[in-house]
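What follows is the residue order along each chain.
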Amino acid sequence: QAKTSGRNRVSIFNTEMHDKFVERVSLGDRLKSAVNNYEFIIHYQPQVNFDGKLKGAEALLRWQSPDQELIPPLSFIPMAEENGLIIPIGYWALNTVCQQLVAWQKNPQTLELCIAINISALQFRQPDFSNQLKKILLETGANPHLLTLELTESVLLDDLDNVIKIILDLRAIGVRFSIDDFGTGYSSLTYLKRLPLDEIKIDKSFVTDLMNDPGDRAIIRSILSLANSLSLNVTAEGIELPEQRDFLAKEGCSTFQGYLYGRPTAIDEFNLFVEHFSAASNAH
Ligand code: C2E
Ligand code: MG
Ligand code: MG
Ligand code: MG
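Bear in mind that the values here come from a model prediction, so they are computed numbers and not experimental data.

**Student:** What am I meant to see in the pattern of salt bridges here?
**Tutor:** Pairing of side chains with opposite charge becomes possible as their charged atoms draw close. All chains considered together, the criterion is met by 11 salt bridges. One salt bridge connects Asp169 with Lys134, and the closest N-O pair in it is separated by 3.1 Å. Note that Asp169 is positioned in helix α6 (residues 160-171) and Lys134 in helix α5 (residues 129-140), a separation of 35 residues in sequence. Its relative accessible area of 24% is what places Lys134 among the partly exposed residues. The partner of Arg245 in a salt bridge is Asp246, and the shortest N-O contact between them spans 3.2 Å.

**Student:** What should I look at first to understand the packing of aromatic side chains in this one?
**Tutor:** Aromatic rings considered in pairs are described by the distance between their centres and by the relative angle of their planes. Applying the stated criterion across every chain yields a total of 13 aromatic pairs. Judged by centre distance (6.3 Å) and plane angle (25°), the ring pair of Tyr91 and Phe129 falls under stacked. Placement of Tyr91 in helix α3 (residues 86-105) and of Phe129 in helix α5 is noted, with a sequence separation of 38 residues between them. Phe129 matches Tyr91 in its accessibility class, with the two residues each being buried. Seen in terms of ring centroids, Trp104 and Phe270 are 5.8 Å apart; in terms of plane orientation they differ by 40°. Their pairing is tilted.

**Student:** Please explain the site of ligand 1 as it appears in this structure.
**Tutor:** Taken together, 21 residues sit near ligand 1, with Arg62, Asn118, Asp180, Glu240 and Tyr259 positioned nearest. The separation between an oxygen atom of ligand 1 and a polar side-chain atom of Glu58 is 3.0 Å. Note that a nitrogen atom of ligand 1 is positioned 2.5 Å from one of the side-chain N or O atoms of Glu240. Burial of ligand 1 by the surrounding chains reaches 85%, relative to a free accessible area of 800 Å². Taken atom by atom, the bulk of ligand 1 overlaps the largest pocket. Among the secondary structure elements, those contributing two or more residues to the shell around ligand 1 are β2 (54-63) and β5 (176-182).

**Student:** In this structure, what is going on with the sheet that holds strand β3 (residues 114-118)? I would like to understand it.
**Tutor:** Neighbouring strands of a sheet are bound in pairs by backbone hydrogen bonds; such pairs are parallel or else antiparallel. In space, the 8 strands of this closed barrel follow the order β1-β2-β3-β4-β5-β6-β7-β8, with mixed pairing throughout. As defined by bridge partners, strand β4 (residues 147-151) adjoins β5 across 4 bridges and the pair is classed as parallel. Looking at β5, one finds that Leu151 is bridged to Ile179. Where helix α9 (residues 214-229) meets the sheet, it contacts β5, β6 (199-202) and β7 (233-236), and its direction lies at approximately 175° from that of β6.

About the thresholds
Residues numbered from 1 in each chain as written. Chains lettered and ligands numbered in written order. Predicted model: local features only at pLDDT ≥ 70, side-chain atom pairs only at ≥ 80, totals over all residues. Heavy atoms only, no water. Salt bridge = Lys/Arg side-chain N within 4 Å of Asp/Glu carboxyl O. Helix = DSSP H or I, 4+ residues; strand = E, 2+ residues; numbered from the N terminus. Buried < 20%, exposed > 50% of the residue type's maximum accessible area, 1.4 Å probe, protein only. Phe/Tyr/Trp six-rings, centres within 6.5 Å; stacked < 30°, edge-to-face > 60°. Near = heavy atom within 4 Å. Polar contact = N/O pair within 3.5 Å; in protein donor to acceptor, adjacent residues only side chain to side chain. Areas by Shrake-Rupley, 256 points an atom, 1.4 Å probe, with all protein chains shown as cover. 1 Å grid on protein atoms, 1.4 Å probe; cavity = no way out; pocket = protein on both sides within 12 Å on 5 of 7 lines; lining within 4 Å. Sits in = over half its atoms within 2 Å of the grid points. Pairing = 2+ DSSP bridges. Contact = heavy atoms within 4.5 Å. Axes fitted to C-alpha atoms, helices over the stretch in contact; angles between N-to-C directions.

And the structure:
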């Protein structure tokens, strides 16, 4: 009896493994053709400063596969990191946002808008990353001061001296650096002290339930006080409610991002948002 069920378990396991394998192979293949056919788009989500001014947007990747709904990044980025396609996708995204910065530079109303973009650790680790980025900046003519690279704590697992070298190299031309999802990974205070950063992003997992969870409020307060003593800007993500924004503002958070202000949207809709936003702030 035990043997039979054991064997059954094994065969079920194998079937599942086989399904997973087929799924992964086809996802990998579909991603490859998506890269060749430029099936990606960038959505932009507003970031608003403490003083109520629009700072700019975070660029968030989506996959527009033909005849399918938009595919969110968490459904394909892990695979793209596994098979290396995140590198061409990442350069495409950098090119796209730099061109967007240049388009905004032509209009006085959007001249100062910044873009933050997520960079995968795998891409950041490429030996020619900083040269490739400089090339994109030169070729597009984008102002490096308006570009923030969001890194996750996983880059800190790499050779820290090398990471610092790359950051310093790019900061020398004006590019800014932010640590994304802060507090959810392997954050070490020593790393934070040694890294030449501009910003910390408070992960939305601490924001979502902050009104009910004193632990989340304590974590947020200590991130803000740490950032303050290291002279770092802080952006909080995932703000959906005015109470969350009010708490964060009271505790000294400098930049706000979340559905309360706006969801990530395609560029045309984001540009409309910018118009309405500045019209509303000029009215005050
Ligand atoms: P992230 O960089 O931490 O981005 C914030 C995520 O929170 C986004 O999810 C955004 O849509 C979502 N979000 C923002 N405000 C709210 C809110 O008020 N409520 C809720 N429920 N969610 C909110 P998204 O767009 O699905 O992106 C997920 C993750 O995928 C990103 O997390 C980032 O790690 C990664 N990602 C996105 N675009 C890129 C990219 O171009 N390159 C790389 N390497 N990773 C990317
Ligand atoms: Mg991010
Ligand atoms: Mg984040
Ligand atoms: Mg997050």
